[in-house]
Amino acid sequence: MEGFQSPLLDSSLHEAAASSGRCNGVEGYDKGSSRGFPGLKKSRHGSRSWIRIYQDGSSDTLELDKATLMKHCSLPARDLRLLDPMFIYPSTILGREKAIVVSLEQIRCIITADEVLVMKSLDGCVVQYQSELSKRIQTNKDQADDLPFEFRALELALELTCTALDAQTKELEMEIHPVLDELASNISTLNLERVRRFKGHLLALTQRVQKVRDEIEQLMDDDGDMAEMYLTEKKQRMEAHTPSETHSKTFDETHGFSRSAPVSPIGSSSASGAQRLQRAFSSIVGSSKHGSLSYSSTANENIEQLEMLLEAYFVVIDNTLSKILSLKEYIDDTEDFINIKLGNVQNQLIQFELLLTTATFVATIFTVVAGIFGMNFADAIFDCPAAFNWILLITGIFCILIYAGFLLYFRHKKVIPL
């Protein structure tokens, strides 16, 4: 981290931090309390609180503005917008030259080869990420671990995100099953409203889980992105490359060679100088080829290492997505059952209406007979008292026969199951 200290902040910030001379909890740190960010000024305009976790498990809190963070981590401004809590962006994992930008649910952090910068938040996932990462680093300090520091930080972010999403899925599953069972037995407006609300929550959770799954899958399919995320190896390669350049420059200066100007073949010592130049060039090319081959094999091994790590959490998030899809299918099945049940009730109402309409038609015959005999005309039938009873009896039998005929017709056509 010493390479990032000098160009970060100007002299005014050094003077402001030195004059403060103290650390104030989460607001800022003095010049000696913040490694990698010397002389931080407390509560600057446009700055945010970040929690920094070192390789040894220790952590501190500091205030950083966007420009300082971009210069320190070599990140473009668009990557920092993904970490802005004022905006809602989908889950993203980006591999850059000197950092890994992670935005998974509430965990928004920048992972470098030496430290992790987590955006400070009161969310439980952020607090758990900080404490768990420090605990694991300090616990496994004396144990051999094949994973580099940035992969351990990335693994914990994936683990907490997958665990949180799976816990939310189980909680929603436990809440929605009793409501669906109650709705299947008792169709009411209250139960339908509860199911509608749970279905909206399930849709939002599905989109979040699907985005995390797609991000992991996309990262696994791109070997270049996975190779770019191995920050420790790139840092070690840069540190090993710097002494070799210094040695090559010293060798050239010792033997009188210049990289900017060609060696003149004219003169008494031109042959010996050309031979020395050819031998030096051959040694440089040979070492470069050897370094390239060793880096290629190491990169492929590291890609497989990161790929296995991502595959493990891809299985977890894919299992969570399967649970959500199963729950969605259960909701769809319940809706189909309710539609069938409502359709059956509607058919019963139609059948009852048909029977009632038929009975009304039969009763209309009595109305016709009453209308005929209610007319004011003289007839011999009115002189016989028993004739009225016979008319009622014949009309009733006729109506019953007509109603029975309708029922037989409905049964023959299978309109009404009798």
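Residues numbered from 1 in each chain as written. Predicted model: local features only at pLDDT ≥ 70, side-chain atom pairs only at ≥ 80, totals over all residues. Heavy atoms only, no water.

For the chain, the name recorded in an unreviewed UniProt entry is Magnesium transporter, with Kalanchoe fedtschenkoi as its organism. What UniProt states about the chain under its Function (unreviewed entry) heading is, verbatim, "Magnesium transporter that may mediate the influx of magnesium." The Subcellular location (unreviewed entry) field of the UniProt record for the chain holds the comment "Membrane". (UniProt positions renumbered as here; feature names shortened; annotations may be inferred.)

Draft legend 1. The arrangement of the pairing of strand S2 (residues 59–64) in detail. Of all 6 residues in S2, 5 are buried, a share of seventy percent or more. Across 6 bridges, the pairing between strand S1 (residues 48–54) and S2 is antiparallel. Its bridge partner lying in S2, arginine 52 is registered against aspartate 60. Adjacent in sequence and paired antiparallel, S1 and S2 are bridged by 4 residues, among which glycine 57 carries a positive phi angle near 95 degrees. (Buried < 20%, exposed > 50% of the residue type's maximum accessible area, 1.4 Å probe, protein only. Helix = DSSP H or I, 4+ residues; strand = E, 2+ residues; numbered from the N terminus. Pairing = 2+ DSSP bridges.)

Draft legend 2. Local environment of the nonpolar core. Grouped together as the largest cluster of nonpolar side chains are 57 residues, with contacts concentrated most on Ile111, Val116, Tyr129, Leu158 and Leu310. At the level of elements, S1, strand S4 (100–104), strand S5 (107–111), strand S6 (115–119), helix H4 (124–139), helix H5 (149–185), helix H6 (189–221) and helix H9 (270–373) are the ones that each hand at least two residues to this core. Apart from the residues lying within four places of it in its own chain, the contact partners of leucine 158 are Ile93, Leu104, Ile216, Leu309, Leu310 and Tyr313. The next biggest cluster of nonpolar side chains, apart from the first, holds 15 residues, and it includes Leu64, Leu75, Leu82 and Leu117. (Core = buried A, V, L, I, M, F, W, Y, C linked by side-chain atoms within 4.5 Å. Contact = heavy atoms within 4.5 Å.)

Draft legend 3. Region of the structure containing the packing of H5 against H6. For the pair H5 and H6, interaxial distance at closest approach is 10 Å and the crossing angle is 155 degrees. Comparing the axis directions of H5 and H6 gives the class roughly antiparallel. Considering how the two elements wind past one another, H5 and H6 form a crossing that is left-handed. Of the residues in H6, those in contact with Leu158, Thr161, Leu165, Gln168, Thr169, Leu172, Glu175, Ile176, Val179, Leu180, Glu182 and Leu183 of H5 are Asn191, Leu192, Arg194, Val195, Phe198, His201, Leu202, Leu205, Arg208, Val209, Val212 and Ile216. Looking at the contact of H5 with H6 residue by residue, the classes come out as 15 nonpolar, 5 polar and 4 charged. (Axes fitted to C-alpha atoms, helices over the stretch in contact; angles between N-to-C directions. Parallel < 35°, antiparallel > 145°, perpendicular 65-115°, else oblique. Left-handed = near helix turned anticlockwise from the far one by under 90°. Nonpolar A, V, L, I, M, F, W, Y, C, P; charged D, E, K, R; others polar.)

Draft legend 4. Structural view of H4. With 16 residues, H4 extends 22 Å from end C-alpha to end C-alpha; this agrees with the ideal 22 Å at 1.5 Å per step. Burial in H4 covers these residues: Val126, Tyr129, Leu133, Ser134 and Ile137. Take H4 and look down its axis: the buried residues cluster within an arc of 115 degrees, on one side only. Here the buried face of H4 lies against S1, S5, S6 and H5. Where H4 begins, the capping side chain belongs to aspartate 123, and its oxygen is found 2.9 Å from the backbone nitrogen of cysteine 125. (Expected span 1.5 Å × (residues − 1). Arc of directions from axis to C-beta. Polar contact = N/O pair within 3.5 Å; in protein donor to acceptor, adjacent residues only side chain to side chain.)

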